[in-house]
Each structure stands twice: as structure tokens, then as C-alpha cells.
Amino acid sequence: MSAVVTPNPPSTQTEVAKEPARAGARSALSHPVARRLLPLAVAVVVLAPLAAVLWGSGSWPHALTVDIKTPLDDAYNWTVRNRDTNPVFLYGLLHLSNWADSSVSSVTDLLENLGWFPVITITVLLSWRIGGLRDRRGLKLAGVTFAAFAVCGLLGMWQSTMETLALMLVAVVVSAVVGALLGLGAGLSDRFERILRPFLDTMQIMPAFAYLLPLVVVFDIGVPSALIATIIYAAPPMARLTALGLRGADPGVMEAAASLGTSPVQRLLTARLPLARKEILLGLNQTIMMSLSMVTIASVIGAGGLGEEVFQALSTVDVGKALAAGIPIVLLAVWFDRLTSVAGDRLGAGAAPAGLRWLHGWRAWTVSAVSAAALSVAGWMMFIADWPDTWNVDIASPVNNAVDWFTSHMASGVPVLGGTRTWADNFTLWILDPLRTGLTDSPWWLLVLLAAVLAFLAGGWSACLTAALAMAGIGVFGVWNHSLDTLSQAIAGVVVTLVLGFAIGIVAARVSWIERALRPVLDTMQTLPQFIYLIPVVAMFNVGRSAAVAAAVLYALPAVVRITTQGLRQVDGATMEAARSMGASTFQQIRQVQLPLARPALMLALNQGVVLVLAMVIVGGLVGSGALGYDVVYGLEKSQLGTGMTAGIAIVLLGLVLDRTTQRTGKRSAAR
Amino acid sequence: MKMNRKNVLRVTTAAAVALGITGLSACGAAKTNSGGSGSGSGTVTLSVQSWVGAEADVAVAKYVLEHDLNTKVKTTQLDEGVSFDALNTGKADAIMEDWGGSPKKVSLYVDDKKTVVKGGDLGVTGHIGWFVPKYLADKHPDITNYKNLNKYASLFKTAESGSKGQLLEGSPSYTTNDKALIKNLKLNYKTVFAGSEAAQITQLKEDYKAKKPFLTYWYTPQWLNSQMDLVEVKLPPYTKGCDSDAQKVACGYAQTPLQKYLSADFVKKNKKAATFLKNFKWTNDDQNEVAAMIAAQKMSPDKAAEKWVKAHQDVVKAWLPK
């Protein structure tokens, strides 16, 4: 069976292979790919038989493993014993942790003591001002803000929303400052950027669960760990985009500024930074989105707020209640997204004031602030501070009924096709099992070699080296079989995601009403906490690896669809027109014109699909995927740092292998 | 140019001073107690584990603390193992229901560091075991003994367990010896971890609805048992110490009197609340009543607690400190 299934990844790889050959130096076109592989092949011919003779050709040889579990467990025990007495903790880290605690709790207290009416008033007026008091966008934004916050209240989630908002605000401010400083350094110094880039890459590939565990060891359960985890995850886009913006400054403007005799600092403050403000704002937007997506994960380690509501609902298998807690997260995301994008548009348009003077500039801020204060006080005196329970709308029971009906009809009720549970069983038996057996039965050196060759074809020598080392690292740390199990699930997940994503993307790119209809669905899928669909996924696909793959596909699909649609849309209109006038059928247009021209976008979709599928490995562990995902969850819940951390590292290494084998160099900065 | 250098200098000095001040203020040793009752605000932080039984304990304790002892209560959702860490640092003040899944942490914190103290029996007796649905036991009456399980292994085959029978396991945080049990009792079964209780319950509910055969790791008291008729499979009887070597276990699970644990600091600082939590004791039936209200009737924990407390004033009175 494995012979039937395994060709899938290589077939995508041959596409990768052609690409660098074509995009690479034109003079190298005469050299076939085989020629470039020659040094690698020589090394292989010498090394592979040697390795096979020395250590056999089965699973990763035991002689080549290093035990990192025991030292990790020892480190954990040492930390737990000495956390209260060691000076490093007492004089350093504990301050950090207490600061995090107090800053988040003071913001929470502030929001809670203000009460719901003033909070809504202030946010609405603030949004209105940012959107422009005389601008239609401002009014619209104010409407969106009001609706978002009102729904949070109506769902009975006001207090949790405030807790989450407080953690978010602190996390976003710190991430933005950290990210901006790093970006400033990277934007001004080439060396700093070279050093920083691998760190940013790792921070983004590494699944958040992997660093929750060491954070908990050092900072204990609670807000500090959650805050730091969020910052690690959310700061990279800010750093990247700030650097990109600074680097992209118009050389003409810079030259002009320099010729006016400005100092470097002045040039930075008056020319470079203002020119980069659009990118910086986009970075801020991304940072906010990333930190919102951490809300549920952070509550695993005691962050509270909406994430905790989601988990509590899951413990009673209450999808409806989990959804009621998930919707506010989506709404916060929508609000922040609109806010930053409107602010970005207005910054981009430049200040071109028209109309009454007191409706823009600092006067407008004053108007907003004063009216917000006045209204707040009035509202505060009229209403009670707590959100009135009687206003709450219960969506839990109708949602639960709908989900029950849907899953039970899909699970086994479909005539002829048998229903999703049968499909899931067959998917496990005929795709996942052979794939896993194929991988675990392959000689270890062959898999390392395969990773090296694929990465070489995709990204050259440095990618090759990274991929080979990462693959070998998995073996060295003694998690070879579990990693291959996870890898088989990831490959299956990526293939399904790409097939579905490309199909939907192609249709959406051609039929615009479908794209418009899809957009809100995709937005919701991307921001809704993944934990909410655990229960429906299990109900439809049974506990096990199929359910894990299904969850991963659901998570990765939106990005792939989006990138595909966008890539196809950007194909030059004239080329399309030419193809049409030559009598190409719709199918021919897609296959022979659009797809080849959109290849960079499709490759990016592949890479994003891979990274996102891998990010879901942990959630897979919660629905029965076993392997690495389960190990990380086990490590976290049982405080087994050795098991959890090793599995976390293995996921990072797998991520590196998959990323390097699917990502073309040279496009990297554009891709992010 | 000079002007600019001066500016830079000024900014740098200002930054250095600012940093220095914050640094100085941070020079002292930080206090460990940041959350919980350590801050002296009088708020009690109760740790809630992911199962509904624990939620019921906490809900009732919270209700009584708030209404009879005028104490503010915070709840925080933590897993069994990390709850002990939270008690150690004072992030949480009490665990209401411990199943004995972290003996190492108990010995570290309770015996060695003395940062956590025992809070006595909860009154509820927990029991872990292997269960099959009643409709299956009716059909094959001898299935309820582990000796006959191999005969029926093919009934429990799934895509995940392959040629063996599937024994469904729950969350990784739960105490289980099942892998060793299967090996030592020479059973043709394989453990399949659902990875979370939500996933396990969903799977059980779906199978139960479809009247499919299943064998699962399960426990009592559990709210779901009032909705599903499950029968326990007899394992070799538990004798004291038979589970001491995790690799060689060949006996069933003990009847575990569930324990409460309190943070030592909290006991010192908030005597009234600590005494109440130590006195807190109820039965399996009591807990099931509240848990079923929360899980099956989808009442909010606070409402369920209120309803139960109002109906059981005599029990609650006995808990209050004199």
C-alpha cells in the first residue's frame, strides 16, 4: 500500500525542483538538476552504506541517541525545589512575573471597575475618532465597535471578555514595543537582521504548546507564563514588518534628507519611520491577530478569561457554550482588525482636513475624550456596573441541538456514501496506516537523505543542511517513531488541505460571488479557537488520527484558499485575455495559464499549509492523534518536562524539515 | 551637528536614569505570593480540575464562602498536577478533589517543603475501572470479567486499535495503569488515548446512541453515569501495594477516598475559610446531584450550588466554623 501513497509528497517536490532551476541563475540553465546534485550524490554514495553497515537499516539506531529526558526532568525538579530560594529567581525572574501579574490585573480591575457602559462608550468614541469623526468610515467603525461589544455582553461573556481584553492589551503593547525595537535594529543593521532572522523563524514555527511547558516551570502557572507565551508568538510579525518598512524607504527621499544636512537620528525620526508607518501598522495588526489566537492556548496554563470559558464548556461537552465564549474572541479580532486597517488607510491617505476645524487633529481627540467622559459618568450613574443578567441571550441549547443534528446525520446517516465515520475509518486504514508503516519501515538513513535532497532542491545548500540536521536531531533525541507517526498525519493533512484548498481557491477566483460569500466564513474559521470544533470533529470522525487530520485541515484550509485565490486573481489580465481570444476553454485557461503563472503563490500556499497543519499537532493530541501531540499534552498535564519538552522540540524539528523542503529561498522575505 | 549629539546624549541619559530607577526598585527580593490569598486581600482562590465533579465541589464551596463567610472567591481552571505547583506558590489556595495522581508532588510539597497541607477527606470515594455499556453486558453476560475479554476482542476493534480490541482512555492527566495491565494480564487489547475528557465523552455518547460495543477507562462518581448505563468489568481485586510498581501492576484500581489540599500560607492567614474548607465533606450522591445539574441540565455552577445548598442547609451548617 505504501507504494501507492508515498508518491504524494515527492510529486509536489518535483514541482519545487523545477522552480529554483528556472528562477536561479540564468547561466545555470544549461546544467541539469542532476549536475547540481552531484556533490550531494557523491557524499551519499560514501556515507549511506557506511551508516547502514555501522548501525543497520531499521528504525533510528539506539547507539546514536542522546538521552535528554533525564537531564530535563532533573532540571525541572531542581527548579521546583529552588524556585523560592535561588537568587536568579528571587531577584530577577520573579520580579518579571510579579510585574506581569500586577500590570494585567490592574488593567483588568480598571476595565471591571469602569463597568460595561463606560467601557462601551469609550471604545465606541475612540474608534469613531480613529476612523474620523466626519468620515463615513468612522461612523461605520463606531457601529462595528458597538455591535461587537454589545454581543459580547449579550452572550453573557462580559466579564471574561474584559479579562481577555486586559491580557491582550498588555500583551499587544509589550509585543509591539519589543517587536518594534527588534525591527528597528533589523531595519538599520544588516548584521543584526541576519542574526535575528533564524530566531524569528523559530518563534513562528515552534508550536506555542512547546514553550508553554518551560515557561510554566520558570514562571509558574498563571498570567506571567501566558503573557510571555503570547509575546513570543505575537512579536515576530511586528519585528519583520517594521524592518521591512524601514528597509523599503524611498532612496530618493533619504538622499534628499541627507543632503539637507540631517543627522542619522533626525533622518530616522523624520523620514524613515514616517515612511514606514504603513508597514508598522500592518505589523501591529498582525501582532494583535496573533495574540488573539493565543487566548485559548494561554488559558491552558491559567490565563483565565474567554479561553477558560471555552475549556470549562468543553469539560461538560457543551459546544454551544464553548461557541458563546469563542464568538467574543472573533468579535474582538474583527474590531481590532477594522480599527487598525482604517487607521492605516487614513495614515496612508495623509492628513487632508476638510470641514469643521474641531472635528480633526487634537481638537477632535478632546471632543471624543470629553464626550466619552461625560457619557460614561452619566451612564455609570444610571446603570448598575454589572452587565444585567436578564439581557443575556442563550445560544447554547439551539447551537447544541443544531450540532447534534448535523453530526448525527453526517456521521452515519448518508445513504450510499456511508457517512463520515466510515470515511474516517477508511482514511485511517487505507491512507494513514500505510503512510505510517511506510515511514517507520524505511531505513533511517534513507529518510535523512530524503529530507536533505528535497530541501536541497527547494532551497540549496543551507536548507539542505538544516533539513538533514533537523531530521537527524529527531532521531538523536529518541523520538524517531513518534515523530514519524506525527509526520505521516501531517503529510496526509497537507495533501487533503491542498486538494480542497486549491479546488475551492480556483472556484473562488473565477466566481466572485463565491469569494464574497466565503470571506466571512474564512475569517471566522481563522479566528475561532480551534478547541471549539474538537467535539463535533470527534462526533463525526471518531477518536483517533482521522479526527486529528480533520481538525488540522479545518485550521489550515482558510489560509490556503485565500492565498490560492489571491494568486490566481493576480495573473495578468492581458495574458488571460490573450488565452481567451485564442479560444482556450475555461479548463484550459486554468490549467495552462493561471496555474503556471500563479505558481509562486501556490508554493506559498503549500508552505503555509504545512506550517499550519503542524501547528495543529497539539490539538490533534486532544482528539486522539497520539504520538507527539499527545506527548506534549501529557508532559504539560503531568508536569513531565522530559517527555513534553522532547516532543515539543521534535515538533519544531519536524517543522524545520517540512518548512525547508517546501520553501524556496529568495522568496522568503516576500512570503512572510 | 553638535546640537544633535547633545540631543542624543540627553535622550540616552534620560533613558539610563529611567532604567536605573526601575532597576533599583527591582533590586529587592521579590515576594513569591502574587495571587491567591497571599496579597492579604482575603480572596480565596480555588483550583478547579477539568472534570465536572471537581467543578461541583468548587461551586458549592464558593457559594457557601461567598454567602455565609462573606469571602470573595476566585476560581482558576488547572489540571491536577499543576494545581499542586499553584498551591506551593500561592497562586491557588485549595484543591477540593485530588485523586492521588501526583504522589511525587504530594511528597515534595506536603512532606518536604511543607508549603501544602492536607485538607482531609472530601467524603466522596472515587473509583476507576473498565466499563462496558449495559446493553452489551446483557447480550454477553460473561463479558464483565477480564478473563473473558480476549474472547470478545474482535467486538472492540477500531481503525485505531488495528487487529486488537480498543480500550478507550481519557485525558493524559488521569491516573491510569492500563498499558501495564493489558500487558500483564495478557489481553489482546490496545489503549487508545482520546487525549481529553471532552473527546472521550463525545465518543462514548455517540457509540452509546448507536448501541455499539465499547470498552472504556472510566470512573465514578461521574455525571455522565446518570445518562448512560455502564457496567464495570471485573479486574483482579486490588490489594494494598499491588500497584506500587507501575510496570508490574496486575490488579484493578483502589477505592480512593478523594482528598483536599490547602496551601500552608492560606491556612495561616485565613483561618475561617481554611477551617470551612477542611470541614467541607459530602457524599457521592450529593456531588452527583450538583454535577448532573451542571452537566446534564446545563445550569450555571453558581445556580446549581445555590439550589443544592438551599435544599441541604443542615449539611452546610455543619461545615461552618464555630
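Source: prediction; values computed, not measured.

Reading the values: rules and limits
Residues numbered from 1 in each chain as written. Chains lettered and ligands numbered in written order. Predicted model: local features only at pLDDT ≥ 70, side-chain atom pairs only at ≥ 80, totals over all residues. Heavy atoms only, no water. Helix = DSSP H or I, 4+ residues; strand = E, 2+ residues; numbered from the N terminus. Buried < 20%, exposed > 50% of the residue type's maximum accessible area, 1.4 Å probe, protein only. Salt bridge = Lys/Arg side-chain N within 4 Å of Asp/Glu carboxyl O. Disulfide = S-S within 2.5 Å. Expected span 1.5 Å × (residues − 1). Lys, Arg positive; Asp, Glu negative; His and termini not counted. Contact = heavy atoms within 4.5 Å. pLDDT = per-residue confidence, 0-100. Buried area = accessible area lost by both parts, 1.4 Å probe. Polar contact = N/O pair within 3.5 Å; in protein donor to acceptor, adjacent residues only side chain to side chain.

Describing the environment of Asp404(A)
Residue and element names in this part refer to chain A.
Moving on, step 1. Relative to the helices and strands, Asp404 resides in helix H20 (residues 396-412).
Moving on, step 2. Judged by relative accessible area, Asp404 falls into the partly exposed class, the value being 42%.
Moving on, step 3. Measuring from C-alpha to C-alpha, the distance between Asp404 and Ala539 comes to 8.6 Å, with 135 residues separating the pair along the chain.

What to know about the pattern of salt bridges
Residue and element names in this part refer to chain A.
Moving on, step 1. Under the criterion given, the structure shown has 22 salt bridges over all chains.
Moving on, step 2. The closest approach of N and O atoms between Arg545 and Asp433, which form a salt bridge, is 2.7 Å. Residue Arg545 is found in helix H26 (residues 545-569), and its partner Asp433 is found in helix H21 (residues 420-441); the two are separated by 112 residues along the sequence. There is no split in this pair, since Arg545 and Asp433 are both buried.
Moving on, step 3. Among the ionic pairs, Glu515 bridges to Arg519, the shortest N-O distance being 4.0 Å. Of the two residues, Glu515 and Arg519 are both situated in helix H24 (residues 512-527); the distance of four residues between them amounts to about one turn of the helix.

Structural notes on the state of the cysteines
Residue and element names in this part refer to chain B.
Moving on, step 1. In this structure the tally under the stated criterion is one disulfide over all chains.
Moving on, step 2. Paired by a disulfide, Cys242 and Cys251 hold their sulfur atoms 2.0 Å apart. Taking the sign of the S-S torsion, 85 degrees for the link of Cys242 and Cys251, the bridge is right-handed.
Moving on, step 3. Exposure remark for Cys251: the relative accessible area of 4% places this residue in the buried category.

Side note on helix H32 (residues 641-662) of chain A
Moving on, step 1. Helix length check: H32(A) (22 residues) gives 31 Å between terminal C-alpha atoms against 32 Å at 1.5 Å per residue, within 8%.
Moving on, step 2. Extensive coverage of H32(A) is indicated by the burial of 19 of its 22 residues.

What about the side chain of Asp57(B)?
Residues and elements named next belong to chain B.
Moving on, step 1. The topology assignment puts Asp57 in helix H2 (residues 52-68).
Moving on, step 2. Despite its burial, Asp57 pairs with no opposite charge; the closest candidate is Lys260, at 9.4 Å N-O.
Moving on, step 3. The contact partners of Asp57, leaving out residues within four places of it in the chain, are Met96, Glu97, Leu122, Phe280, Trp282 and Gln287.

Some thoughts on the confidence of the model for chain B
Residue and element names in this part refer to chain B.
Moving on, step 1. When pLDDT is averaged along chain B, the result is 84; 87% of the residues meet or exceed 70.
Moving on, step 2. Low pLDDT, under 50, characterises residues 19-27; the stretch is placed with four contacts to residues that sit more than four places away or in other chains.
Moving on, step 3. Scored below 50 in pLDDT, residues 33-41 shows 21 contacts in the model against residues more than four places distant or in partner chains.
Moving on, step 4. In the predicted assembly, ipTM is 0.79 and pTM is 0.81.

Quick look at the interface of chain B and chain A
Moving on, step 1. Across the contact, 60 residues belong to chain B and 53 residues belong to chain A.
Moving on, step 2. The largest contributions to the chain B side of the interface with chain A come from Gln77(B), Glu160(B) and Pro172(B), which together make up 13% of the buried area.
Moving on, step 3. Between chain B and chain A we count four salt bridges in total.
Moving on, step 4. Linking Arg545(A) and Glu160(B) is a salt bridge whose minimum nitrogen-to-oxygen distance equals 3.1 Å.
Moving on, step 5. Between the two partners, chain B and chain A, sit 10 residue pairs in polar contact (both at pLDDT 80 or more).

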